[in-house]
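A structural walkthrough
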Amino acid sequence: MALSPRVATPSSEFRHTMQNLLSAYFPIAVFIVIAAGVSAAMLGGSLLAGRQKPYAEKNSAYECGFDAFDDARRRFDVRFYLVAILFIIFDLEVAFLFPWAISLGRIGLFGFWSMLGFLGVLTVGFIYEWRKGALDWE
Amino acid sequence: MEQFFFHTVAGLVVLTVLECLAILVPLLMAVAYLVYGERKVLGAIQLRKGPNTVGPFGLFQTFADAIKMLTKETVIPSGANRALYLLAPFLTFVLAMIAWAVIPTNNGWAIANINVGVLYLFAVSSLGVYGILIAGWASNSKYAFLGGLRSAAQMVSYEVSLGLVIVSILLVVGSLNLNDIILAQRHVWFCLPMLPMFVIFFISALAETNRAPFDLPEGESELVAGFFVEYSSLAFGLFFLGEYMNMILMSAMTSILFLGGWLAPFNIAPFTWVPGPIWLILKILFVLFMFIWVRATFPRYRYDQLMRLGWKVFLPFSLVWMVLTAGFLMATGMLPVGSANGVG
């Protein structure tokens, strides 16, 4: 049984969409390859063009002329960790907001109030963090 | 000729490569002259001359600097993770470049006019944190480590409010396509009805690119140079160029989201004669000048002030404004129902 190529079977439609997608994103792939090439050429070029004369003193970590006391990868302030956690929460929220903002015209009042409920819960959490001093740096 | 370029695979590849070069080459030149321009403007503001020796008016200064950097030794500290150490500047520079693939320079002129352009830009600029974190970690130096931490915390803090500002633009436009966002500003640029968001976006852009007054990651007086203290030659150069390229990118984003991109300021005769790309370039230059002007005018923030501004002022304010925008559009029935390009 020979299907005429004009008939849009789900698979041919799917292939068509995929092709559109691929052709839309193909230039980005090319761009990334070229950008990577330029960066690699610059890094490699300076490795080749510059005279490399390493010695122990020069290769030690910079510490205002001292010998480095110990390894630099030591404990650090927990607040940075806290900021990272808060960032994940709020960035996820923004990621939720993107599709909502695009389709708000179609999902109507129900969509609007659902998101407002979500934001309300998040705001309660935010106020709690604020009160607890998670956002304070002194 | 047309047959080759538009109907064969090899032709399309060649065409795409040419398009990419048509963006990248001017971009690299723009970075070179942005560095020069910044030094000149800073010089003028501080009543000095700025670079004036290499070439006429010092025009070749940046190229002299680049050649000097190229011929310097690439120092790789003995305690560093060599692969990661070299990966960091590579990554930073590549990310700074690839964002340009979706920037529209005229109606529908973008290398990739994808329907999720804003999301792509947001994703690429978020990835920028990795270059800095990797550099700070791989250097195995205390200054680099602290600088990397600070810089990462600063960038993620301001990214949240950047995201919320973008969402309120999306509410008005109803499309993630950058070209649609510009077309939605035919009647009025978004910098007028959304003035507070414009201000927040600009200040967040300063913080996101680690520019003065938020240049704490490289606060010379405390961290020497921050995350790239161990870097030399073009490995350092890539960070430097990447930072300036990010500045141009953020200016382009500001122009596209708030200043009407390639649109002429007034839709009447003498203005519409000037082609779109020229308008876009003029707007980018204007925003870049603001970047430099701010650097020459304001002293550096303290770290606690920086975090306070990001989390306690910008985040609540942009969130409230976003909700207000949505509510206003909902109440007046002005929400866009479908986009020009169709989402998905």
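In the block above lies the structure referred to throughout.
Predicted, not measured: the structure shown is a model, and the values here were computed from it.

1. Quick look at the packing of helix H2 (residues 9-45) of chain B against helix H12 (residues 276-297) of chain B
Residue and element names in this part refer to chain B.
- Remark: H2 packs on H12, axes separated minimally by 10 Å, with the N-to-C direction vectors making an angle of 45 degrees. When the interaxial angle is binned, H2 and H12 end up oblique. Our pair here, H2 against H12, has a crossing hand that is right-handed. On the side of H2, the interface is formed by Leu34, Glu38, Val41, Leu42 and Ile45, while H12 contributes Leu288, Phe289, Ile292, Trp293, Arg295 and Ala296.
- The residue inventory of the contact of H2 with H12, partitioned by class, reads nine nonpolar, no polar and two charged.

2. Looking at the interface of chain B and chain A
- On the side of chain A, 66 residues touch chain B, which itself brings 85 residues to the contact.
- Summed over both sides, the interface between chain B and chain A buries roughly 6,500 Å², with carbon and sulfur atoms accounting for 76% of that surface.
- Looking only at chain B, the three residues that lose the most surface to chain A are B:Lys142, B:Trp311 and B:Lys312, adding up to 11% of its buried area.
- Here chain B and chain A share zero salt bridges between them.

3. Regarding a nonpolar patch on the surface
Residue and element names in this part refer to chain B.
- On the surface, Phe4, Val14, Leu18, Leu21, Val25 and Met29 cluster together into a nonpolar patch covering about 490 Å² of accessible area.
- With five residues, the single largest contributor to the nonpolar patch is H2.
- Positionally, Leu21 belongs in helix H2.
- Relative accessible area serves as the criterion here: at 38%, Leu21 is assigned to the partly exposed category.

4. Topic: helix H3 (residues 78-132) of chain A
- In a regular helix each residue adds 1.5 Å, so 55 residues correspond to 81 Å; H3(A) covers only 15 Å between its end C-alpha atoms and thus falls short of that length.
- Of the residues one or two after H3(A), A:Gly133 is the one with positive phi, at around 85 degrees.

5. What to know about helix H8 (residues 195-208) of chain B
All names here are of chain B.
- The end-to-end C-alpha separation of H8 is 20 Å, in line with the 20 Å expected for 14 residues at 1.5 Å each.
- The element H8 is largely enclosed, with a buried count of ten among its 14 residues.
- Where H8 ends, the next residue or the one after it, Asn210, has phi of about 55 degrees, a positive value.

Cut-offs applied
Residues numbered from 1 in each chain as written. Chains lettered and ligands numbered in written order. Predicted model: local features only at pLDDT ≥ 70, side-chain atom pairs only at ≥ 80, totals over all residues. Heavy atoms only, no water. Axes fitted to C-alpha atoms, helices over the stretch in contact; angles between N-to-C directions. Helix = DSSP H or I, 4+ residues; strand = E, 2+ residues; numbered from the N terminus. Parallel < 35°, antiparallel > 145°, perpendicular 65-115°, else oblique. Left-handed = near helix turned anticlockwise from the far one by under 90°. Contact = heavy atoms within 4.5 Å. Nonpolar A, V, L, I, M, F, W, Y, C, P; charged D, E, K, R; others polar. Buried area = accessible area lost by both parts, 1.4 Å probe. Salt bridge = Lys/Arg side-chain N within 4 Å of Asp/Glu carboxyl O. Patch = residues over 30% accessible without salt bridge, like charges linked within 9 Å, V, L, I, M, F, W, Y side chains within 5 Å. Areas by Shrake-Rupley, 256 points an atom, 1.4 Å probe, with all protein chains shown as cover. Buried < 20%, exposed > 50% of the residue type's maximum accessible area, 1.4 Å probe, protein only. Expected span 1.5 Å × (residues − 1).

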